[in-house]
Amino acid sequence: MLRRSHPSFRSLVERGELVRVAGAHDALGAVIAQQAGFDAVWSSSLEVSAARCIPDASLLTMTEYLEAASNMQKVLGIPVIADCDTGYGNNLNVVHMVHEYEAAGITAVCMEDKLFPKLNSFAEGDQTLLSTEAFCGKIQAAKSAQATEDFFVVARTEALISHLSLDIALERCHAYCEAGADAVLIHSKSRTKDEVEAFLSRWNGRRPVVIVPTTYPDWHADDIAGAGVSVVIYANHGLRATIASLRETFESIRRHGDSTELEDRIAALSEVFELQQLKTWQKFDA
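Residues numbered from 1 in each chain as written. Predicted model: local features only at pLDDT ≥ 70, side-chain atom pairs only at ≥ 80, totals over all residues. Heavy atoms only, no water.

Novice: Hey, could you run me through the overall build of the protein chain in this one?
Specialist: A tally of helices and strands in the protein chain yields 12 helices and 8 strands. Expected size for 286 residues packed as a compact globule is a radius of gyration near 19 Å; at 20 Å, the protein chain falls within 12% of this value. Dimensions of the protein chain, computed from the C-alpha atoms along their principal axes, are close to 60 × 40 × 35 Å. Within the protein chain, buried positions represent 47% of all 286 residues. In the protein chain, once contacts between residues fewer than 6 apart in sequence are set aside, the share between residues at least 24 apart is 70%. Only carbon and sulfur atoms are counted for the fraction: they give 53% of the accessible area of the protein chain, which is about 14,000 Å². With 26 positive and 39 negative side-chain charges, the protein chain shows a spacing of 1 Å between the two charge centroids. (Helix = DSSP H or I, 4+ residues; strand = E, 2+ residues; numbered from the N terminus. Rg over C-alpha atoms; globule rule 2.2 N^0.38 Å. Buried < 20%, exposed > 50% of the residue type's maximum accessible area, 1.4 Å probe, protein only. Contact = heavy atoms within 4.5 Å. Areas by Shrake-Rupley, 256 points an atom, 1.4 Å probe, with all protein chains shown as cover. Lys, Arg positive; Asp, Glu negative; His and termini not counted. Charge placed at Lys NZ, Arg CZ, Asp CG, Glu CD.)

So this is what it looks like as structure tokens:
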């Protein structure tokens, strides 16, 4: 099969086991994540924009992000959850976003409660939040626009990113649940898991919780699950590994004058052909 069927993201969450998600920006990275055993792929706006060498600052259009997510979903047997930033504008843009992503076979999207245009959470700069009421309106718009019961909307609060209190983060997440969010994502750039653990200790479990442990990487998946998290997203590790590997590879070739030193440490062309499903394609021309 060149195009594969896949479970919905909702069905994974409803299993009651920790859903492990890897970030990607193209179909190649997404397939490698699936081969590694991840349950789903995060179509990361940071990765997609970085692949174009431009900032994650609402510079690309919804169409460009959708194309990346769609290309991933076409070749996967696991679901894509799409990082849709702030929903690409106002409530009308959110409705359009849901229509287009759902039509492309994407079964889950995530929106964050910052002002549009937004800046990446880990960058220095303005991280001002949209009002709780306005973001609830976006969630309601998204849920009213979906065509199937399976479509899953994650509401991401950047309250802790914006140095607001844990009480405010909790208030916002409760309001987002009231507005219809299927899950909440509590984001933190603390160097420890303490902020997120404090949130979880006071969360009432009314909706699944998603985390992105980029800055607190030492939290083991078993302990994450034990703390009450439903979904963990390793959002940018593939991108960062690619940068490191490409830099090492190209510098080595330039330094040594040939690629001999690298050959036993890089993928064989046969692996490339396998990822391309070359033999399957060739059957059509037999």
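Novice: Even after reading the chapter, I still don't get helix α7 (residues 166–178), so can you show me in this structure?
Specialist: Side chains three or four residues apart in an α-helix point the same way, a direct result of the helix having 3.6 residues per turn. End to end, α7 covers 18 Å across 13 residues, agreeing with the expected 18 Å (1.5 Å per residue, within 8%). Burial in α7 covers these residues: A169, L170, R172, C173, Y176 and C177. Looking down the long axis of α7, one finds its buried residues gathered within 165 degrees of arc, a one-sided arrangement. The outward face of α7, more than 90 degrees from its buried face, is lined by the exposed residues E171 and E178. Turning to α7, the residues buried within the fold contact α6 (132–145), β5 (152–157), β6 (183–186) and α8 (194–202). (Expected span 1.5 Å × (residues − 1). Arc of directions from axis to C-beta.)

Novice: Is there a simple way to explain unusual backbone geometry in this structure?
Specialist: Note on backbone geometry: most residues besides glycine have negative phi, and most peptide bonds are trans. That bond from F116 to P117 is cis: its omega, 0 degrees, falls within 30 degrees of zero. Relative to the helices and strands, P117 is located in the loop between β4 (108–112) and α6. Phi is positive for Y88, which is not a glycine, with a value near 70 degrees. By secondary structure assignment, the location of Y88 is in the loop between β3 (80–83) and α5 (91–103). Relative accessible area serves as the criterion here: at 12%, Y88 is assigned to the buried category.

Novice: Sorry if this is basic, but what is going on with the sheet that holds strand β1 (residues 19–24) here?
Specialist: One closed barrel holds the 8 strands; their spatial order is β1-β2-β3-β4-β5-β6-β7-β8, and the pairing between them is parallel. Strand-to-strand twist of the sheet, defined as the mean angle between neighbouring strand axes without regard to direction, takes the value 25 degrees. In this structure, β4 lies alongside β5, joined through 5 bridges in parallel fashion. For E112, the partnering residue across the bridge sits in β5 and is R156. (Pairing = 2+ DSSP bridges. Axes fitted to C-alpha atoms, helices over the stretch in contact; angles between N-to-C directions.)

Novice: It is not clear to me how the environment of R207 should be interpreted in this structure. Could you clarify?
Specialist: Of note, R207 is situated in the loop between α8 and β7 (209–211). Taking the relative accessible area as the measure of exposure, R207 reaches 27% and is therefore partly exposed. Linking R207 and Y176, residues 31 residues apart in sequence, is a C-alpha distance of 10.0 Å. The contact partners of R207, leaving out residues within four places of it in the chain, are C177, A181, D182 and A183.

Novice: I'm lost on the side chain of R10 in this one. Help?
Specialist: Looking at where R10 falls in the secondary structure, it is placed in helix α1 (residues 9–13). Taking the relative accessible area as the measure of exposure, R10 reaches 15% and is therefore buried. Among the polar contacts made by the side chain of R10, one reaches the main-chain carbonyl oxygen of D150 at a distance of 3.3 Å. Side-chain polar atoms of R10 contact the backbone oxygen of F151, separated by 3.0 Å. Discounting residues that sit within four places of it in the chain, R10 has contacts with K143, E149, D150, F151, F152 and D182. (Polar contact = N/O pair within 3.5 Å; in protein donor to acceptor, adjacent residues only side chain to side chain.)

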